[in-house]
Amino acid sequence: MKFLDLKKQYSQITKEINSAILRVFRSGVFIGGEEVSNFEKEITSYCNIKFAMAVNSGTDAIFLSLKALGVKDGDEVITTPFTFIATAEAVANCGAKPVFVDIDPVTFNINVNQIEDKITKKTKVILPVHVFGQMADMDKIMKLAYQYKLSVVEDAAQSFGAFYKGKMAGTVGHIGCYSFFPSKNLGAYGDGGMIVTNNKKIAEKIKLLKNHGSSPKNKYKNLILGMNSRLDSLQAAILRVKLKYLNKWMEEKRKKATVYNKELSAVKKIILPQVLTNSKHTYHQYSIRVTNERNNLHNFLKQIGVPTMIYYSLPLHLQPAFKYLGYKKGDFPNSEIASQEVLSLPLYPELSQAEQKLIINKIKSFFKVI
Ligand SMILES: *Cc1c(COP(=O)(O)O)cnc(C)c1O
């Protein structure tokens, strides 16, 4: 059994993927071109948003979004420490300071009631992360942003396709960032990312930044300093195939999540993932919480061939790379407790019923529930 089986997924869409790849090979266009512009168009209609700019990765998507907003040396960006390093790394790479806010222990997302305390004159952006596939409380965040004249960049790397109160992840803030890392909800066969916005000025700035500041009319006239962050045509062609299956795959994941919820509810020592009312979870990760025995359960399952993952075993404020920020243990208790208690179980459309049953039974046997 695998934690995620992308080979199985490929085996179900082989013909379509292969023909998309051949289409690119035969076209002789490998950077940009129609595959990328069509994919961007398809993203704007899927997300119901005005502008979509394909970039090289989710990390670049966040970095370029912050750059487009003018985030620089001396600025502060508010986010959480319970996320993948890329979120805060993008902030630091702009020269700005990541300012952490603890998470809500129920959703693992930023605790919106603690944001206001961290807003200073230097704050430029609030950068919420929709972790594991469920959206943060954007209403509250947008209200604060309006009140304090801040921008909001959504790190929706794990939540392409998630909804909250009728709005899709990435489309509520001023800018939304997606990742197409192979294991993500919509995954490429390599690196890829996307930035979405309804703001024309921001969109134009990002188009320049991601392509050396080259004028749209003259490639060798560079209007501003940018970088090379483009999506390969090959990845765009592959993603266009997979986008068509995404809703179906997410439904299958949600069904399997329901099976876990039902079967594991008998295990009192497990806290199941909580889905808020009006929230549509992508289940990028199905993460349970186990107090005290998490590592033992993780190792027990590993020994019998059931792979599980720990996202995230070390919150960002305790990472060596962020030592210079001066945070210490105890600063963000809910993030620290979560890092000791979370365990992500295998959950993907191709996970068979028998495999899921085995996972459930082994967990139950560990807790002596059967
Ligand atoms: C995956 C991920 C990223 C970075 O995306 P890449 O495409 O791997 O660069 C950023 N933030 C979060 C929360 C992620 O999960």
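Refer to the structure above for everything that follows.
Right, let's walk through the structure included here.

Criteria and thresholds
Residues numbered from 1 in each chain as written. Predicted model: local features only at pLDDT ≥ 70, side-chain atom pairs only at ≥ 80, totals over all residues. Heavy atoms only, no water. Pairing = 2+ DSSP bridges. Helix = DSSP H or I, 4+ residues; strand = E, 2+ residues; numbered from the N terminus. Axes fitted to C-alpha atoms, helices over the stretch in contact; angles between N-to-C directions. Contact = heavy atoms within 4.5 Å. Buried < 20%, exposed > 50% of the residue type's maximum accessible area, 1.4 Å probe, protein only. Polar contact = N/O pair within 3.5 Å; in protein donor to acceptor, adjacent residues only side chain to side chain. Parallel < 35°, antiparallel > 145°, perpendicular 65-115°, else oblique. Left-handed = near helix turned anticlockwise from the far one by under 90°. Nonpolar A, V, L, I, M, F, W, Y, C, P; charged D, E, K, R; others polar. Near = heavy atom within 4 Å. Areas by Shrake-Rupley, 256 points an atom, 1.4 Å probe, with all protein chains shown as cover.

Strand order in the open sheet formed by seven strands is β1-β9-β8-β5-β4-β2-β3, with mixed pairing between adjacent strands. The open sheet terminates on both sides in strands that have one partner only, identified here as β1 (51-55) and β3 (97-100). Between one strand and the next, the sheet's axes are offset by a mean angle of 25°, whatever the strand orientation. Taken together, the five bridges between β1 and strand β9 (residues 193-197) define a ladder with antiparallel strand orientation. By the bridge assignment, Phe51 is partnered in β9 with Thr197. Lying on the sheet, helix α3 (residues 58-68) is in contact with β1, β2 (76-79), β4 (123-126), β5 (151-155), β8 (175-179) and β9; it crosses β8 at an angle near 160°. Strands in contact with helix α4 (residues 86-93) are β2, β3 and β5; relative to β3, the strand with the most contacts, it is inclined by about 140°.

Turning our eyes to something else, we now look at the environment of Asn56. Considering the arrangement of structural elements, one finds Asn56 in the loop between β1 and α3. Judged by its relative accessible area of 31%, Asn56 falls in the partly exposed class. Expressed as a C-alpha distance, the spacing of Asn56 and Leu231, which sit 175 residues apart in the sequence, is 4.9 Å. The contacts of Asn56, once residues within four sequence positions are left out, are Asp191, Gly192, Gly193, Ser229, Arg230 and Leu231. Within the local environment of Asn56, its side chain forms a polar contact with the backbone oxygen of Arg230, the two atoms lying 3.3 Å apart.

A few words on the packing of helix α2 (residues 33-47) against helix α7 (residues 233-264). It is at 7 Å that the axes of α2 and α7 come closest, and there the two elements cross at 25°. Comparing their axes, α7 and α2 come out roughly parallel. Crossing handedness for the pair α2 and α7: left-handed. Residues Glu35, Val36, Asn38, Phe39, Glu42, Ile43 and Tyr46 of α2 form the contact with α7, whose own contacting residues are Ser233, Ala236, Ala237, Leu239, Arg240, Leu243, Leu246, Asn247 and Met250. Partitioned by chemical class, the residues of the contact of α2 with α7 number 10 nonpolar, three polar and three charged.

Around the ligand, a shell composed of 16 residues is seen, among which Gly58, Thr59, Asp155, Ser179 and Lys184 lie nearest. In the model, a nitrogen atom of the ligand is placed 2.8 Å from a nitrogen or oxygen of the Asp155 side chain. Contact distances for the ligand include 2.6 Å between an oxygen atom and a side-chain N or O atom of Ser179. If the ligand stood free it would expose 380 Å²; the protein chains cover 93% of that surface. When contributions to the shell around the ligand are tallied by element, the ones reaching two or more residues are α3 and α4. Broken down by element, the shell around the ligand gets its largest block of residues, three residues, from α3. Each residue belonging to the shell around the ligand can be placed in one class, and the counts come to six nonpolar, eight polar and two charged.

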